[in-house]
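# Chains, contacts and geometry: an overview
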Amino acid sequence: MSIRNAPTLPEGRPVIVASNHNSNLDPVVVGVAYPRRLRYLAKEELFKVPVLSCIIRHLGAIPVSREDEVRAGVVLRTLLDILSMGEDILIFPEGSRSFDGKLQPLEGGVAMLALHSKAPVLPVFIKGTFEAMPRGCSFPKPKKIEVVFGTLIDPLDLPNDMKDKQKRYDILDRLEKQFKEMMLELG
């Protein structure tokens, strides 16, 4: 695995790490590449697989039920609670894994989390996990995996006179722009 642009992280502030999502390998890859411990939500069924459960718990996974997954308010509150405790979180703004390895449209939850928590967003782009373990694959294939970190998008840098809706769009636009730039960098 190769890592580019090791991030400079703020002291005393939690970070929202926002990554593209191509594979079940993505949380593990980002967790290994990121210099601090990450917390993230994972389907509770994954915690029933003995070896996998041990690995994802060690990497900061928190079980979430299918019922909670569909209730955005529960997920938002859980993530805000984690951030308020000063812990960094990992989210996938595409919402679910890609079916074709291409970047999917971004959902607004990452921007809402950033505005409510005042935590900066760190874009991360992963290349190679789709080829290593796409949807439907139960065991990874050996493939080259690359991780590139972007630059922080800090909600505290946005103008105070900007409306919240415009701030959300601005954060999402910046995130999408960085994802596209990182895709080009990785080729």
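Given the structure is predicted, the values throughout are model-derived calculations rather than measurements.

Parameters and conventions
- Residues numbered from 1 in each chain as written.
- Predicted model: local features only at pLDDT ≥ 70, side-chain atom pairs only at ≥ 80, totals over all residues.
- Heavy atoms only, no water.
- Helix = DSSP H or I, 4+ residues; strand = E, 2+ residues; numbered from the N terminus.
- Rg over C-alpha atoms; globule rule 2.2 N^0.38 Å.
- Buried < 20%, exposed > 50% of the residue type's maximum accessible area, 1.4 Å probe, protein only.
- Expected span 1.5 Å × (residues − 1).
- Contact = heavy atoms within 4.5 Å.
- Pairing = 2+ DSSP bridges.
- Axes fitted to C-alpha atoms, helices over the stretch in contact; angles between N-to-C directions.
- Core = buried A, V, L, I, M, F, W, Y, C linked by side-chain atoms within 4.5 Å.
- Right-handed = clockwise from strand over helix to strand, strands pointing away.

## Some thoughts on the overall build of the chain
Counting secondary structure elements, the chain contains 7 helices and 7 strands. Tracing the chain from N to C terminus, the helices and strands come up as β-β-α-β-α-β-α-α-β-α-β-α-β-α. In terms of overall dimensions, the chain is globule-like: its C-alpha atoms have a radius of gyration of 16 Å, near the 16 Å expected for 187 residues. Referenced to the eigenvectors of the C-alpha coordinate spread, the extents of the chain come out at roughly 50 × 40 × 30 Å. Out of the 187 residues in the chain, the part that is buried amounts to 47%.

## A word on helix 7 (residues 164-186)
For helix 7, with 23 residues, the first-to-last C-alpha span of 33 Å sits near the 33 Å given by 1.5 Å per residue. Every buried residue of helix 7 is listed here: Lys167, Asp170, Ile171, Leu172, Leu175, Gln178, Phe179, Met182 and Leu186. Close packing links the buried residues of helix 7 with strand 1 (2-4), strand 2 (16-19), helix 5 (109-117), strand 6 (121-127) and strand 7 (146-149). Just downstream of helix 7, Gly187 is the residue with a positive phi angle, here 80°.

## What to know about the sheet that holds strand 4 (residues 61-64)
Pairing is mixed across the open sheet formed by 7 strands, whose spatial order is 1-7-6-2-5-3-4. The sheet is open, and its two borders are formed by strand 1 and strand 4, each paired with just one other strand. Across the sheet, the axes of successive neighbouring strands diverge by a mean angle of 25°, strand direction being ignored. Direction of pairing for strand 3 (residues 38-43) relative to strand 4: parallel, over a ladder of 4 bridges. Directly across from Ala42, in strand 4, lies its bridge partner Pro63. Running over the sheet, helix 1 (residues 26-33) touches strand 1, strand 2, strand 3, strand 5 (88-91), strand 6 and strand 7 and is turned about 120° from strand 6.

## Considering helix 5
Every buried residue belonging to helix 5 is among Val110, Ala111, Leu113, Ala114 and Leu115, and all of these are buried. Positioned one or two residues after helix 5, Lys118 has a phi angle of 65°, which is positive.

## Description of the nonpolar core
Within the largest apolar cluster, 27 residues are counted, with the highest numbers of intra-cluster contacts made by Ile16, Ile89, Val110, Leu113, Val121, Ile171 and Leu175. Broken down by secondary-structure element, the contributors of at least two residues to this core are strand 2, helix 4 (72-84), strand 5, helix 5, strand 6 and helix 7. Per-element tally for this core: the top contributor is helix 7, with 6 residues. For Ile89, the residues in contact, after removing those within four places along its chain, are Val15, Ile16, Val17, Leu38, Arg39, Leu79, Ile82, Leu83 and Leu113. The next biggest cluster of nonpolar side chains, apart from the first, holds 25 residues, and it includes Val30, Ile56, Ala61 and Ala132.

## A look at the pairing of strand 3
Both strand 3 and strand 5 contribute to a ladder of 2 bridges, which runs parallel. Within strand 5, the position partnered with Leu38 by the bridge is Asp88. Note that the unit made of strand 3, helix 2 (residues 50-58) and strand 4 has a crossover that is right-handed.

## Focus on the pairing of strand 6
The element strand 6 is extensively covered by neighbouring structure, given that 6 of its 7 residues are classed as buried. Pairing analysis gives 4 bridges linking strand 6 to strand 7, with the strands arranged antiparallel. By the bridge assignment, Phe125 is partnered in strand 7 with Val148.

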